[in-house]
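# Chains, contacts and geometry: an overview
Here is how the chains run, residue by residue.
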Amino acid sequence: MKNLFDVTGKYALVVGASSGIGRQFAKALAEQGANVAIAARRVERLEELKAEVEAFGVKCVPVACDVTSEESIITCVETVKKEFGRIDILCNNAGIDIFNDFFTYSTEDWDKTMDTNIRGMFLMSREVGKLMKEQNYGKVINTASIGGRFASEGNIAYYASKGAVVNFTRGLAADLAPYNVTVNAIAPGVFDTELTHDTLSTPFGQSSLQRVPMKRFGEDGDLDGILLYFASDACSYCTGQTIFVDGGLTMLL
Ligand code: NDP
């Protein structure tokens, strides 16, 4: 039977691939046969990942990219286009999270969060979108968050940025739909990564764990299924959607 989720020979760009969820995205796509360009600021991390990705028998191109810089994004996309000739799959996954009290939340931290989590996503999608339009083919996968639907105290910019990702996904899906490009978002629950590690052992982290119906944090591999669905031709008529992968956390009353 045909493998609906096949991505063999496709060309992917994973942004924010130097650690955590993006690193796992790059490995999952490579394991299923996609060639993967990996982008982030920490190039030494990308070089380490390159060897792991290439062990799956695919091509891997590490690219230095800071998504807060328009110039860096344009150069990154040009580099990948030169190396691969096309980009079939774009994972917009770069993200930061700066906790602080609302009344002392600095303008700099607000701007930094917005520049990374949503402005960078817009710029990257615009540049790769031009290529996907020419190709009349593409799969864009944005990383949202449970914080795109719900919020709590002390993290205002993150919640605002992730809420924006959810509606950006709808708008981008509408703009790219005529060109056979689907755009969807994955909203992870709580995963143990560099972004979250320090907060998981705090009372806030432990109370989050207690609220997860599956009684565990997300692990490497828990997002692979939805990633491959959105990245492959199994996802031929689903666009503008955000799927929550959170052990049931956001389905509770
Ligand atoms: P990590 O901190 O492990 O990874 C974040 C990634 O984003 C890194 O590769 C980092 O690379 C990259 N990044 C950050 N800033 C920039 C920048 N300016 N330019 C380019 N790349 C950048 O965290 P996670 O893996 O947890 O986070 C990945 C995504 O998942 C984020 O969007 C996050 O909001 C989201 N998410 C995570 C959850 C979790 O529980 N872990 C839950 C919900 C959503 P580098 O520093 O090398 O540039």
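Residues numbered from 1 in each chain as written. Predicted model: local features only at pLDDT ≥ 70, side-chain atom pairs only at ≥ 80, totals over all residues. Heavy atoms only, no water.

### Some words on the nonpolar core
With 45 residues, the main nonpolar core has L13, C76, V80, I87, L90, M124 and V128 as its most contacted residues. Within the residue set of this core, elements represented by two or more residues are β1 (11–15), β2 (35–40), β3 (60–64), α3 (70–84), α4 (107–135), α5 (156–176) and β6 (181–188). The greatest single-element share of this core, amounting to eight residues, is contributed by α4. Ignoring sequence-local partners within four residues, the contact set of L90 consists of L13, V15, M124, S125, V128, M132, K139, V140 and I141. In this structure, A30, A40, V53 and A231 belong to the second largest nonpolar core, which totals 33 residues. (Core = buried A, V, L, I, M, F, W, Y, C linked by side-chain atoms within 4.5 Å. Buried < 20%, exposed > 50% of the residue type's maximum accessible area, 1.4 Å probe, protein only. Helix = DSSP H or I, 4+ residues; strand = E, 2+ residues; numbered from the N terminus. Contact = heavy atoms within 4.5 Å.)

### Quick notes on the pattern of salt bridges
The tally for this structure, following the rule as stated, stands at twelve salt bridges. Across the pair E52 and K27 runs a salt bridge whose closest N-O atoms are separated by 3.1 Å. Here E52 is found in helix α2 (residues 43–54), whereas its partner K27 is found in helix α1 (residues 20–31), with 25 residues between them in sequence. For E52, a relative accessible area of 31% translates into the label partly exposed. (Salt bridge = Lys/Arg side-chain N within 4 Å of Asp/Glu carboxyl O.)

### Things to note about the environment of K162
Position of K162 among the secondary structure elements: in helix α5. Taking the C-alpha atoms as reference points, K162 and V190, 28 residues apart in sequence, are found 14 Å from one another. Filtering out sequence-adjacent residues up to four positions away, K162 remains in contact with N117, T143, A144, S145, G147 and G148.

### Here we look at the site of the ligand
Neighbouring the ligand are 31 residues, the closest being S18, R41, Y158, F191 and T193. A distance of 2.8 Å separates an oxygen atom of the ligand from a polar side-chain atom of R42. In the model, an oxygen atom of the ligand is placed 3.3 Å from a nitrogen or oxygen of the G189 main chain. Isolated, the ligand exposes 870 Å² of accessible area, and the fraction of that covered by the protein chains is 95%. Elements that contribute at least two residues to the shell around the ligand include exactly α1 and α5. Tallied by class, residues from the shell around the ligand come to 13 nonpolar, 13 polar and five charged. (Near = heavy atom within 4 Å. Polar contact = N/O pair within 3.5 Å; in protein donor to acceptor, adjacent residues only side chain to side chain. Areas by Shrake-Rupley, 256 points an atom, 1.4 Å probe, with all protein chains shown as cover. Nonpolar A, V, L, I, M, F, W, Y, C, P; charged D, E, K, R; others polar.)

### As for the sheet that holds β1
Reading across the sheet, the seven strands line up as β3-β2-β1-β4-β5-β6-β7 and stay open at both edges, with parallel pairing between neighbours. Two strands close off the open sheet at either side, each with one partner strand: β3 and β7 (242–245). In this sheet, adjacent strand axes meet at a mean angle of 20 degrees when their direction is disregarded. This element, α3, spans β1, β2 and β3 of the sheet and lies at about 160 degrees to β3. Contacts from α5 reach β5 (138–143), β6 and β7 within the one sheet, and its direction differs from that of β6 by about 165 degrees. (Pairing = 2+ DSSP bridges. Axes fitted to C-alpha atoms, helices over the stretch in contact; angles between N-to-C directions.)

### Here we look at the side chain of N142
Structurally, N142 is set in strand β5. Classification of N142 as buried rests on a relative accessible area of 0%. Side chain to side chain, N142 and T169 meet in a polar contact 3.0 Å long. Excluding anything up to four places from it in sequence, N142 contacts N92, M121, V165, F168, T169, V183, N184, A185 and I186.

### Concerning the environment of M1
Structurally, the position occupied by M1 is in the segment before β1. Note on M1: relative accessible area 99%, which makes it exposed. When the C-alpha atoms of M1 and P62 are compared, they prove to be 34 Å apart, with 61 residues separating the residues in sequence.

### Quick word on the environment of T107
Positionally, T107 belongs in helix α4. For the pair T107 and T202, spaced 95 residues apart in the sequence, the C-alpha separation amounts to 26 Å.

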